[in-house]
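Commentary on secondary and tertiary structure
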Amino acid sequence: MDDKFNASLQGSLLDYSHLTGADLFGRTGDFLAWSDERKRQALWPFTRAHLSPPLTHCTIREQNGEEYKGVNFASQDYLSLASHPRIKRAAINAIEEFGVHSAGSAALMGSTALTQPLARLLAEHLQMEHAILYPTGWAAGFGVVTGLMRKSDWIVMDSLAHACLQTATRLGYKNVKLFPHNALDALGEILHTIRAGDKENAILVVTEGLFSMDSDAPDFAAMQAMCTRYQATLLVDVAHDLGSMGPNGGGNLELQGMLGKVDLVMGSFSKTFASNGGFVACNSKSVIEYLRCFSSPYTFSNALSPVQTAIILESLHLVREQEGAERRAKLIRNANTLRSRLVEHGIEILGHPSPIVPAVCSSDQVVRLASRHLRHAGVLANVAEFPAVPSGRARFRLQVMSDHTEEDTVIAANAIAACIGRARQELAA
Ligand SMILES: Cc1ncc(COP(=O)(O)O)c(C=O)c1O
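First, a word on scope: everything that follows refers to the structure included in this document.

Calculation criteria
Residues numbered from 1 in each chain as written. Predicted model: local features only at pLDDT ≥ 70, side-chain atom pairs only at ≥ 80, totals over all residues. Heavy atoms only, no water. Helix = DSSP H or I, 4+ residues; strand = E, 2+ residues; numbered from the N terminus. Rg over C-alpha atoms; globule rule 2.2 N^0.38 Å. Buried < 20%, exposed > 50% of the residue type's maximum accessible area, 1.4 Å probe, protein only. Areas by Shrake-Rupley, 256 points an atom, 1.4 Å probe, with all protein chains shown as cover. Lys, Arg positive; Asp, Glu negative; His and termini not counted. Charge placed at Lys NZ, Arg CZ, Asp CG, Glu CD. Axes fitted to C-alpha atoms, helices over the stretch in contact; angles between N-to-C directions. Parallel < 35°, antiparallel > 145°, perpendicular 65-115°, else oblique. Contact = heavy atoms within 4.5 Å. Nonpolar A, V, L, I, M, F, W, Y, C, P; charged D, E, K, R; others polar. Expected span 1.5 Å × (residues − 1). Pairing = 2+ DSSP bridges. Near = heavy atom within 4 Å. Polar contact = N/O pair within 3.5 Å; in protein donor to acceptor, adjacent residues only side chain to side chain. Right-handed = clockwise from strand over helix to strand, strands pointing away. Left-handed = near helix turned anticlockwise from the far one by under 90°.

A closer look at the overall build of the protein
Helix and strand counts for the protein stand at 15 helices and 14 strands. Relative to the compact-globule value of 22 Å for 429 residues, the protein shows a C-alpha radius of gyration of 22 Å, a close match. If one aligns the C-alpha atoms of the protein with their principal axes, the spans along those axes are about 60 × 55 × 45 Å. Relative to its full complement of 429 residues, the protein shows a buried share of 54%. Only carbon and sulfur atoms are counted for the fraction: they give 55% of the accessible area of the protein, which is about 18300 Å². For the protein, the distance from the average position of its 39 positive side-chain charges to the average position of its 43 negative side-chain charges is 2 Å.

Structure follows, in structure tokens:
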């Protein structure tokens, strides 16, 4: 390994995230040099483009121009609906009926006749009274926090909550507390302390239905009880598990018997529902109507297109039918096979069976090198390195689809194990 190659195995995005200096453009130069060298060395596993649909086998192009074919464990089309004939037909019908563009914010005239049926069916699916749709899941997370919370309120968040929620809290909120991941004792102490000193302001507690780096979930009943006790409001982001988990596609809330029993739910359609889009749901009409006027990404961003709305609505119907249940069962079988094969190879797997299988490699160097080899082994997989995960806990974040075959999972497990082993040997040499 030469010096440049070694340098590309070092450093992280964190080194470039707090740039200073008067030359706004110039100060981004060091980052370009570092990331370009990683791309040149095929050690940059990000910003890849599909050259074919995100099926279980596909072709991608790296940013350095190289193209690879392989079995795809890097797409979040968990129920394999993105190319489903019924979903494509719904999209085509919507284009014919409404055109391709919403041409306005949902707060003005961007909705179509499909919008209300989708919001209603989604609320019913979540066992909530009301739902509001956003252009993306990111917008929903950012919009619900900034729409409802005022500067003197408290935001208490799981330290691993998604970037859309974390970013919202950085906008001048002074009362922000992060609690260690899923540590409900710590959450209880924080809530107790806040309420002992402040009875005037609201508290929002934020967690996820399925944490995508660790494939785990908190005890929602315990969290909701704590929130009720301290007059706090619980928000659960169900982006990854809604539709893809639970007997009826109600996610981990359904699996824990908590559908309709937490204060606020938000999520994304960008995983299981084959489209961009997001939502917030709850039992309070006033909260939803308030968000329509005071949640910036709803009010001031173009609404979901008619095509997106039709795709999500048809996907939601499918999720609720027998076919949805069969696809979820297949998905979990695939995830279990992948998990057990990786464990047989001595690889540490995190969390519980879900569409996400986090396979730990240890250092960023190992995962970068293993990912470089994996391209040639016919497997496409995303990696998570520091600071997205703690230092020394870099991992492949494998995403399973219901259309994967058992053979696909075996190929992936064998290749990943071989590539991690090879990377470790090379680094030890
Ligand atoms: C937990 C979580 N919340 C929200 C989002 C944002 O969703 P979207 O992709 O629809 O913007 C994501 C997507 O990465 C996510 O993983």
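Some points on the packing of helix 7 (residues 184-197) against helix 8 (residues 220-229)
At a minimum axis separation of 10 Å, helix 7 and helix 8 run at an interaxial angle of 10°. Taken together, the axis directions place helix 7 and helix 8 in an arrangement best described as roughly parallel. Contacts from Leu 184, Leu 187, Gly 188 and Leu 191 in helix 7 reach Ala 222, Met 223 and Met 226 in helix 8. The residue makeup of the contact of helix 7 with helix 8, split by class, is six nonpolar, one polar and no charged.

Describing helix 14 (residues 364-376)
With 13 residues, helix 14 should reach 18 Å at 1.5 Å per residue; the first-to-last C-alpha distance of 19 Å fits that figure. Within two residues after helix 14, Gly 378 carries a phi angle of roughly 75°, on the positive side.

Remarks on the sheet that holds strand 7 (residues 203-208)
In space, the seven strands of this open sheet follow the order 4-10-9-8-7-5-6, with mixed pairing throughout. Edge strands, defined here as strands with exactly one partner in the open sheet, are strand 4 (130-134) and strand 6 (176-179). Across the sheet, the axes of successive neighbouring strands diverge by a mean angle of 20°, strand direction being ignored. Direction of pairing for strand 4 relative to strand 10 (residues 278-282): antiparallel, over a ladder of five bridges.

Section: the site of the ligand
Close to the ligand lie 13 residues, the nearest being Gly 137, Asp 237, His 240, Ser 268 and Lys 271. Here an oxygen atom of the ligand sits 2.9 Å away from a polar atom, N or O, in the main chain of Trp 138. Contacts to the ligand include Ser 268, whose side-chain N or O atom sits 2.7 Å from an oxygen atom. A total of 390 Å² of accessible area belongs to the ligand in isolation, and the protein chains cover 83% of it. Among the residues making up the shell around the ligand, the classes are represented as three nonpolar, seven polar and three charged.

A few points about the pairing of strand 6
Relative to strand 6, strand 5 (residues 154-158) runs parallel, the two being bridged by four bridges. Looking at the pairing, Met 157 lines up with Leu 178 of strand 6. What joins strand 5 to strand 6 is helix 6 (residues 163-169), and the crossover it makes is right-handed.

Some remarks on the side chain of Thr 409
Relative to the assigned elements, Thr 409 resides in helix 15 (residues 406-428). Since its relative accessible area comes to 0%, Thr 409 is described here as buried. Within the structure, Thr 409 has its side chain in polar contact with the backbone oxygen of Glu 406 (distance 2.6 Å). Filtering out sequence-adjacent residues up to four positions away, Thr 409 remains in contact with Phe 73, Asn 334, Thr 337 and Leu 338.

Quick notes on the packing of helix 4 (residues 115-125) against helix 12 (residues 306-320)
As a packed pair, helix 4 and helix 12 sit with axes 10 Å apart at the nearest point and diverge in direction by 30°. On the basis of the axis angle, helix 4 is roughly parallel to helix 12. Considering how the two elements wind past one another, helix 4 and helix 12 form a crossing that is left-handed. Along the contact surface, helix 4 presents Thr 115, Pro 117, Leu 118, Leu 121, Leu 122, Glu 124 and His 125, while helix 12 presents Thr 309, Ile 312, Leu 313, Leu 316, His 317, Val 319 and Arg 320. Looking at side-chain class alone, the contact of helix 4 with helix 12 contains eight nonpolar, four polar and two charged residues.

Points about the environment of Ala 183
One can find Ala 183 in the loop between strand 6 and helix 7. With a relative accessible area of 23%, Ala 183 lands in the partly exposed category. For the pair formed by Ala 183 and Ser 159, sequence separation is 24 residues and the distance between their alpha carbons is 9.7 Å.

These results come straight from atomic positions and should not be treated as a statement about function.
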